[in-house]
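# A look at the structure
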Amino acid sequence: MIEVRELTKRYGKVRAVDGLSFRVEPGRVTGFLGPNGAGKSTAIRAMVGLDRPTSGEVLVDGKRYEDLPRPLTTVGALLDARAVHGGRSVRGHLAGLARSNRLPARRVDELLETVGLASVADKRAKGLSLGMSQRLGIAAALLGDPQTLLLDEPVNGLDPEGVKWVRDLVKRVAGEGRAVLISSHLMSEMALTADHLIVIGRGRLLADTPAHDFITGNSRSYVLIRTPEPERMRDLLAARGVQVDHGPDGSLEAVGTDQKTVGTLAAESRIALYEVTTTTASLEDAFMQFTADSVEYRAEQGAAR
Ligand SMILES: Nc1ncnc2c1ncn2[C@@H]1O[C@H](COP(=O)(O)OP(=O)(O)OP(=O)(O)O)[C@@H](O)[C@H]1O
């Protein structure tokens with residue numbers, strides 16, 4: 001479990017992270033979202049002691065990273081997949097990490113199998129494709145069998161099979177009662193993977209909420225109706241207090257009702273229906289809506305100063 005407490009990190013005049021507080025709880029996958037430059041990587045680096053906070057702190061299982069006796073057995077992280085010693089082989093890279101962290105050497109071959117790199121174990125780590133480097137980085141993060149896993153953009157460069165592999169892996173790891181934080185710009189993937197979301201913008205916390213609530217709270221679901229008699233249909237729904245907007249191509253968008261109600265009303269009034277579809281927004285829609293609002297809000301705040 002990770003506890004971020006009032007974390008601030010400044011680079012010169014830039015507040016990369018600004019008074020950020022949240023927890024990464026065990027037993028679930030927490031998605032870490034934010035527009036480019038929001039401060040996600042900086043926050044993750046601070047969690048594993050690679051960046052010293054300007055103020056505030058991060059606790060991993062109640063301790064600061066630098067006070068952990070054997071950090072890799074507590075928290076594993078994938079930050080920059082390309083940051084490996086190029087001259088070493090894939091196996092050599094993991095074996096070196098295992099040795100310096102007093103971890104059993106047999107873990108290395110186990111993990112090479114787990115992440116699907118056994119066949120390239122003797123290749124130079126530098127020659128790996130981005131996707132394979134990501135797998136190697138994930139293997140390194142898992143080496144100490146940690147209770148907390150931090151993955152910064154782990155599916156970057158992976159093919160669809162690799163993306164699914166990461167999704168299944170993090171779900172399994174969280175299912176074992178571990179804490180997982182994963183950042184990604186692939187919203188469709190986050191929607192399939194994350195149980196909980198932390199959304200940040202300009203270094204500040206914007207949302208800390210179950211993924212499902214974030215999507216329903218920041219998007220509009222409606223019943224799309226196509227009929228040759230849109231005006232009559234609209235009046236019927238409006239008379240029952242349903243908000244009806246005009247969609248593209250003469251369609252109607254009814255908010256706060258369902259397909260059954262629409263179908264029954266139309267049948268009772270002998271109105272033909274060509275289409276009745278419930279439309280729910282995606283995480284991507286919700287994220288765009290949510291961050292657009294926050295950008296506007298921040299711009300106004302900035303102007304008021
Ligand atoms: N080492 C550094 N020196 C100076 N500025 C930095 C440094 N690292 C990050 N920044 C700045 O801090 C801000 C946050 O960057 P960070 O990489 O943490 O964001 P991010 O949310 O991970 O972005 P992305 O989604 O693009 O990866 C940016 O304005 C960035 O330019």
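The rules behind the values
- Residues numbered from 1 in each chain as written.
- Predicted model: local features only at pLDDT ≥ 70, side-chain atom pairs only at ≥ 80, totals over all residues.
- Helix = DSSP H or I, 4+ residues; strand = E, 2+ residues; numbered from the N terminus.
- Buried ≥ 20, exposed ≤ 12 C-beta atoms within 10 Å, placed from the backbone.
- Contact = placed C-beta atoms within 7 Å.
- Pairing = 2+ DSSP bridges.
- Axes fitted to C-alpha atoms, helices over the stretch in contact; angles between N-to-C directions.
- Near = placed C-beta within 6 Å.
- Nonpolar A, V, L, I, M, F, W, Y, C, P; charged D, E, K, R; others polar.
- pLDDT = per-residue confidence, 0-100.
- Core = buried A, V, L, I, M, F, W, Y, C linked by C-beta atoms within 7 Å.

- The name recorded for the protein chain in an unreviewed UniProt entry is ATP-binding cassette domain-containing protein, from Streptomyces olivaceus.

### Concerning the overall build of the protein chain
- Helix and strand counts for the protein chain stand at ten helices and 13 strands.
- With the C-alpha coordinates aligned to their principal axes, the bounding extent of the protein chain is approximately 75 × 50 × 30 Å.
- Residues counted as buried form 38% of the 305 residues belonging to the protein chain.
- A sequence separation of at least 24 residues applies to 69% of the contacts in the protein chain between residues at least 6 apart.

### A few points about the sheet that holds strand β1 (residues 2–11)
- Read across the sheet, three strands follow the order β2-β1-β4 without closing on themselves; strand pairing throughout is antiparallel. Two strands bound the open sheet, and with one partner strand each, they are β2 (14–24) and β4 (55–60). Along the sheet, successive strands turn relative to each other by an average axial angle of 20°, direction set aside.
- Looking at chain direction, β1 and β4 are connected through five bridges and run antiparallel. Looking at β4, one finds that E3 is bridged to L59.
- The strands that helix α1 (residues 40–47) touches are β1, β2 and β4; relative to β1, the one it contacts most, it runs at about 120°.

### A look at the site of the ligand
- The local shell around the ligand consists of Y11, V14, A16, G34, N36, G37, A38, G39, K40, S41 and T42.
- Mapped onto the shell around the ligand, the elements with two or more residues apiece are β2 and α1.
- Sort the elements by how many residues they give to the shell around the ligand and α1 lands first, with three residues.
- For the shell around the ligand, the per-class residue count stands at four nonpolar, six polar and one charged.

### So, the environment of Q147
- Along the chain, Q147 falls in the loop between α4 (130–142) and β6 (148–152).
- Classification of Q147 by C-beta neighbours within 10 Å gives partly exposed; the count is 18.
- In the structure, Q147 is positioned 33 residues away from V180 in sequence and 8.5 Å away in space, judged by C-alpha atoms.
- Sequence-distant contacts of Q147, that is, excluding residues within four places in its chain, are made with P26, D61, T74, R178 and A179.

### Focus: unusual backbone geometry
- Despite not being glycine, R102 has its phi angle at roughly 50°, a positive value.
- You can see R102 is positioned in the loop between α2 (90–100) and α3 (106–114).
- With a phi close to 55°, D249 is a non-glycine residue in the positive phi region.
- Under the C-beta neighbour-count criterion, D249 is labelled exposed, with 6 such atoms within 10 Å.

### Digging into the confidence of the model for the protein chain
- Averaged over all residues, the pLDDT of the protein chain is 90; the fraction at 70 or higher stands at 94%.
- Note that residues 296–305 has pLDDT below 50 and, in this model, one contact with residues that lie over four places away or in other chains.
- Per the prediction output, this complex has pTM 0.83; the corresponding ipTM is 0.96.

### Focus: the nonpolar core
- If you look at the biggest cluster of nonpolar residues, it comprises 70 residues, and the most contacted ones within it are M47, A139, L150 and V180.
- When residues in this core are grouped by element, the largest group, seven residues, is from α4.
- Among residues more than four places away in sequence, those in contact with M47 are I2, V58, V60, Y65 and L150.
- Within the second largest apolar cluster, ten residues are counted, among which are Y222, V223, L237 and V244.

### Describing the sheet that holds strand β10 (residues 222–226)
- Within the open sheet, the four strands sit side by side as β11-β12-β10-β13. Their pairing is antiparallel. Pairing within the sheet leaves two strands with one partner each, and these edge strands are β11 (243–246) and β13 (275–279). Averaged over all pairs of adjacent strands, the angle between their axes in this sheet comes to 25°, without regard to strand direction.
- Strand direction decides the pairing type here: β11 and strand β12 (residues 252–255), joined by four bridges, are antiparallel. Residue V244 lies in a different strand from β12, and its bridge partner there is A254.
- Seen against the sheet, helix α8 (residues 230–239) touches β10, β11 and β12 and runs at an angle of roughly 10° to β12.
- The strands that helix α9 (residues 259–268) touches are β10, β12 and β13; relative to β13, the one it contacts most, it runs at about 160°.

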